[in-house]
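The primary structure of each chain is shown beneath.
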Amino acid sequence: MVDDLVDQKVIGWYQGRFEWGPRALGNRSILADPRSEIMKDKVNMKIKFREPFRPFAPVILEQNTDDFFVGRNTARQYPSRFMLFVLPLKEEKRDKVKAVNHLGTGRLQTIRQEWNSRYYNIVERFGQATGVPVLLNTSFNLKGEPIVATPADAFSTFIKSGLDVLVLENYMVRK
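Nothing here was measured: the structure is a model prediction, and the numbers come from that model.

Parameters and conventions
- Residue positions are given per chain, counting from 1 as you read along its sequence in written order.
- Under the rules for a predicted model, residues below a pLDDT of 70 receive no local features and side-chain atom pairs below 80 are neither given nor counted, while totals for whole chains, interfaces and linings still include all residues.
- For side-chain calculations, the full set of non-hydrogen atoms in the structure is used, while hydrogens and water are omitted.
- Numbering of helices and strands starts at the N terminus; helices are DSSP runs of H or I of at least 4 residues and strands are runs of E of at least 2.
- The reference for a compact globule is 2.2 Å times residues^0.38; the radius of gyration itself is calculated from the C-alpha atoms.
- Relative accessible area decides the class of each residue, using a 1.4 Å probe on protein chains only: under 20% of the type maximum gives buried, over 50% gives exposed, and in between gives partly exposed.
- It only takes one pair of heavy atoms within 4.5 Å for two residues to be counted as in contact.
- Where accessible areas are quoted, they stem from the Shrake-Rupley method and a 1.4 Å probe; at the residue level, only the protein chains shown are allowed to cover.
- Patch membership requires over 30% relative accessible area and the absence of a salt bridge. Like charges are linked within 9 Å, and nonpolar side chains (Val, Leu, Ile, Met, Phe, Trp, Tyr) within 5 Å.
- A pair is scored as a salt bridge if a Lys or Arg side-chain nitrogen falls within 4 Å of a carboxyl oxygen belonging to Asp or Glu.
- Using a 1 Å grid laid over the protein atoms alone, points where a 1.4 Å probe fits but cannot get out form a cavity; open sets with protein on both sides within 12 Å along at least 5 of 7 lines form a pocket; any residue with an atom within 4 Å of a point counts as lining.
- Grid points are joined across faces, edges and corners, and a volume is the space filled by probe spheres set on the points.
- When residues are sorted by character, Ala, Val, Leu, Ile, Met, Phe, Trp, Tyr, Cys and Pro go into the nonpolar class, Asp, Glu, Lys and Arg into the charged class, and all the rest, Gly among them, into the polar class.
- Ring geometry is summarised as follows: Phe, Tyr and Trp rings, the Trp one being its six-membered ring, pair when their centres sit within 6.5 Å, and such pairs are stacked at plane angles under 30 degrees, edge-to-face over 60 and tilted between the two.
- Think of it as a cone above the ring: NZ of Lys or CZ of Arg counts as a charge over the ring if it is within 6 Å of the ring centre and within 35 degrees of the ring normal.
- This arc corresponds to the set of directions leading from the helix axis out to the C-beta atoms.
- Definition of nonpolar core: a set of buried residues of the types Ala, Val, Leu, Ile, Met, Phe, Trp, Tyr and Cys, connected through side-chain atoms within 4.5 Å.
- Two strands pair under a simple rule: DSSP has to find at least two bridges between them.
- The convention used is that axes are lines fitted to C-alpha atoms, helices contributing only their stretch in contact, and that angles between N-to-C directions extend from 0 to 180 degrees.

This brings us to the overall build of the chain. A count of helical and extended segments in the chain gives five helices and eight strands. In the chain, the order of α-helices and β-strands from amino to carboxyl end is α-β-β-α-β-α-β-β-α-β-α-β-β. The globule rule puts the C-alpha radius of gyration for 175 residues at 16 Å, and the 15 Å found for the chain is close to it. With 175 residues in all, the chain has 49% of them scored as buried. Residue pairs at least 24 apart in sequence account for 61% of intrachain contacts in the chain once pairs closer than 6 positions are excluded. As displayed, the chain offers around 8,600 Å² of accessible surface, 52% of which is attributable to carbon and sulfur atoms.

Moving on, we come to the environment of Pro55. Structurally, Pro55 can be placed in the loop between α2 (37-47) and β3 (57-61). Taking the C-alpha atoms as reference points, Pro55 and Leu136, separated by 81 residues in sequence, lie 9.9 Å from one another. The residues contacting Pro55, other than those within four sequence positions of it, are Lys40, Arg50 and His102.

Okay, a nonpolar patch on the surface next. On the surface, Phe155, Ile159 and Val173 cluster together into a nonpolar patch covering about 250 Å² of accessible area. Mapped onto the secondary structure, Phe155 falls in helix α5 (residues 151-160).

Estimated volume of the largest pocket: approximately 270 Å³. Forming the walls of the largest pocket are 18 residues, and the residues nearest its centre are Arg50, Pro55, Phe56, Ala57 and Arg107. Across the lining of the largest pocket, the residue classes tally to eight nonpolar, six polar and four charged. Here the second largest pocket is characterised by a volume of approximately 160 Å³.

Evaluation of the coordinates by the stated rule reveals one aromatic pair. For the cation-ring pair, Lys175 lies above Phe158, with the distance from its terminal atom to the ring centre recorded as 4.8 Å.

What follows deals with α2. For α2, every residue scored as buried is listed here: Met39, Lys40, Val43, Asn44 and Ile47. Buried residues along α2 cover an arc of 125 degrees about the axis, so they all sit on one side. Residues of α2 that are exposed and point over 90 degrees away from its buried face: Ile38 and Lys46. Contacts made by the buried residues of α2 are with β2 (28-32) and β6 (134-139). Just downstream of α2, Phe49 is the residue with a positive phi angle, here 55 degrees.

Another aspect to go through is the nonpolar core. Counting residues in hydrophobic clusters, the biggest one holds 43 residues, and the most contacted among them are Val10, Ile122, Leu135 and Phe140. Among the elements that line this core, the one with the most residues is helix α4 (residues 117-130), at five residues.

The mixed open sheet is built from eight strands, whose spatial order is β4-β5-β3-β6-β2-β1-β7-β8. At either margin of the open sheet sits one strand with a lone partner, and together these are β4 (85-88) and β8 (171-174). This sheet shows a mean twist of 35 degrees between the axes of neighbouring strands, independent of strand direction. In the sheet, strand β7 (residues 165-168) pairs with β8 via four bridges, with the strands oriented antiparallel. Pairing of Leu168 across the sheet is with Tyr171, part of β8. Across the sheet, α4 touches β1 (11-14), β2, β3, β5 (105-111), β6 and β7, and the angle it forms with β6 is around 140 degrees.

Okay, here's the thing in structure tokens:
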């Protein structure tokens, strides 16, 4: 799956229990490579069917937060786990995460192994492959639709959009 992300594929990620709230936190997410601004355009236009100026959130390994974001012990602050902070990106890192860089900032989500090991592992492996322990993360839904709740919803969204790969628990489907 990391190879798919490195190859600029966009993944619909469905695992575990349904999340409650306004954010995709790793159980119902669309994941993509954050390094290229082209990915932002691809996800907005071909998958989410929304305006091109709309930003996406970075999910980052908690231990790497201070490498990418300006803040004071931000990684350990509880709200960062739930995408409740918008923080400045460090100047020297902005070009490394173009798809999640919104005017020099990002609404970050931090992740720890013990919170969601499968989600953490994909971010970690992407970081090992690219040197960037960050992924673009957005809710697994299309414009005007609720976040997918069932495997049938996930498959329907996969078919109706430009998603390249669907990870549905332990199964993977490619177009």
